[in-house]
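Coordinate analysis (summary)
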Amino acid sequence: MAVKKIVTYPAEILEAECESVQVFDKKLGKLLNDMYDTMIEFDGVGLAAPQIGLDKQIAIVDIDDEFGTIEMINPEVLETDGEQTGTEGCLSFPGLYGEVTRPDYVKIKAQDRKGKYYTLEAEGFLARAILHEIDHLHGVLFTSKVTKYLNEEELEGLEAE
């Protein structure tokens, strides 16, 4: 296992459309394990391949719930519903946080590390995290969706709630 370096904005790869994954092998499994270690090391709830310098459609999410670590390879959003607004940050934008509105429900289709297709439905914070990471795979940054940036005092107020 290895902790990778996080690519920070304005690196071009963060705004690039990622290529689909065609090969499902041990190397991919190691990459997913490294991505997990990196996400944990930097205290994130998700990580997309472009954030470690790879233009591949690979992302992981783990919000510490019953779903555990969700590995999404070549993910596709099938359906969204509802609306939620909440605070988001991003490992590629250290110290930057803002209010972002996203769907409250998402249904996705993706592949696991062995290439097997699965569908997953998520609501609330998990839906937010999944959609944030899938956006990364299409070069869409959360900063393009922020309605209001938050300063440290506002953040501390939110953490106290």
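On a predicted model such as this, the values are computed, not experimentally measured, just so you know.

Reported here for the largest pocket is a volume of approximately 550 Å³. Around the largest pocket sit 23 residues that line it, and Val45, Glu88, Gly89, Cys90 and Tyr97 are the ones nearest its centre. Here the lining of the largest pocket takes five residues from helix α2 (residues 124–137), the largest share from any one element. Residue composition of the lining of the largest pocket, by class: eleven nonpolar, seven polar and five charged. Estimated volume of the second largest pocket: approximately 270 Å³. Taken together, 13 residues form the lining of the second largest pocket, with Asp25, Lys27, Leu28, Leu31 and Ile58 sitting closest to its centre. The biggest single contributor to the lining of the second largest pocket is helix α1 (residues 26–41), with five residues.

The strand order β1-β2-β3-β6-β7 describes an open sheet built from five strands, whose pairing is antiparallel. Only two strands of the sheet have a single partner each, and these edge strands are β1 (46–48) and β7 (117–123). Ignoring strand direction, the axes of neighbouring strands in this sheet form an average angle of 35°. Inspection of the sheet shows β1 paired to strand β2 (residues 58–61) by three bridges, in the antiparallel sense. The residue of β2 that forms the bridge with Leu47 is Ile60. Most of the contacts of α1 go to β2, to which it runs at about 45°, and overall it touches β1, β2 and β3 (70–81).

Quick look at the UniProt feature "binding site: Fe cation" (unreviewed entry) in the chain now. As recorded in UniProt, the sites labelled "binding site: Fe cation" (unreviewed entry) are Cys90, His132 and His136. What stands out for the annotated residues spanning 47 residues is how close their C-alpha atoms remain, the widest pair being 10.3 Å apart. From the list above, the largest pocket is lined by Cys90 and His132. By the secondary structure assignment, Cys90 is in strand β4 (residues 84–90). Contacts of Cys90, omitting those with residues within four sequence positions, involve Gln51, Leu96, His132, His136 and Phe142. Here His132 is in contact with Glu88, Gly89, Cys90, Arg102 and Phe142, once residues within four sequence places are set aside.

What follows covers the packing of aromatic side chains. Evaluation of the coordinates by the stated rule reveals two aromatic pairs. On the basis of an interplanar angle of 20° and a centroid distance of 4.9 Å, the ring pair of Tyr9 and Phe93 is categorised as stacked. Placement of the pair is Tyr9 in the segment before α1 and Phe93 in strand β5 (residues 93–102), with a sequence separation of 84 residues. Look at Phe93 and you get buried, because its relative accessible area is 9%. Consider the rings of Phe93 and Phe142, whose centres lie 5.6 Å apart with planes at 80°: the pair is edge-to-face. On the criterion of sequence distance, the pair formed by Phe93 in strand β5 and Phe142 in the loop between α2 and β8 (146–149) is long-range, its members being 49 residues apart. By the burial criterion, Phe93 is buried, and Phe142 matches it. Taken together through their ring pairs, the aromatic side chains of Tyr9, Phe93 and Phe142 make up a single cluster. Taking the ring centre of Tyr117 as reference, the NZ or CZ of Lys109 above it sits at 5.1 Å.

So, about the nonpolar core. Membership of the largest hydrophobic core comes to 19 residues, with the highest contact counts inside it found for Val61, Met72, Val106, Ile108, Leu126 and Ile130. Of all elements in the fold, only β2, β3, β6 (105–111), β7 and α2 reach the threshold of two or more residues within this core. In terms of residue count, α2 provides more of this core than any other element does, seven residues in total. Aside from chain neighbours lying at most four places away, what touches Ile130 is Val61, Ile70, Met72, Val106, Ile108, Leu120 and Ala122.

Rules of the game
Within every chain, residues take consecutive numbers counted from 1 along the sequence as written. The model is predicted, so local features are restricted to residues of pLDDT at least 70 and side-chain atom pairs to those at 80 or more, both for listing and for counting; the totals for chains, interfaces and linings are taken over all residues. To get the side-chain values, all heavy atoms of the structure are used, and hydrogens and water are removed first. Lining residues are defined by having an atom within 4 Å of a point belonging to a cavity or pocket. Those points lie on a 1 Å grid over the protein atoms alone, cavities being sets where a 1.4 Å probe fits but cannot get out and pockets being open sets with protein on both sides within 12 Å along at least five of seven lines. Grid points are joined across faces, edges and corners, and a volume is the space filled by probe spheres set on the points. Runs of E in the DSSP output that reach at least two residues are strands. Runs of H or I that reach at least four are helices, and both are numbered from the N terminus. Classes in brief: Ala, Val, Leu, Ile, Met, Phe, Trp, Tyr, Cys and Pro nonpolar; Asp, Glu, Lys and Arg charged; the others, Gly included, polar. Should DSSP find at least two bridges between two strands, the strands are regarded as paired. A fitted line through C-alpha atoms represents every axis, and for helices the fit uses only the stretch in contact; the resulting angles, taken between N-to-C directions, go from 0 to 180 degrees. Contacts: residue pairs with any heavy atoms within 4.5 Å of one another. UniProt positions are given in the numbering used here, feature names are shortened, and annotations may be inferred rather than shown by experiment. Working definition: rings of Phe, Tyr and Trp (its six-membered ring) pair if their centres are within 6.5 Å, and the pair is stacked with planes under 30 degrees apart, edge-to-face with planes over 60 apart, and tilted otherwise. Here's how the labels work: a residue is buried when its accessible area is under 20% of the maximum for its type, exposed when over 50%, partly exposed in between, all with a 1.4 Å probe on protein chains only. We count a charge as sitting over a ring when the NZ of a lysine or the CZ of an arginine lies within 6 Å of the ring centre and within 35 degrees of the ring normal. Put simply, buried Ala, Val, Leu, Ile, Met, Phe, Trp, Tyr and Cys residues joined by side-chain atoms within 4.5 Å make one nonpolar core.

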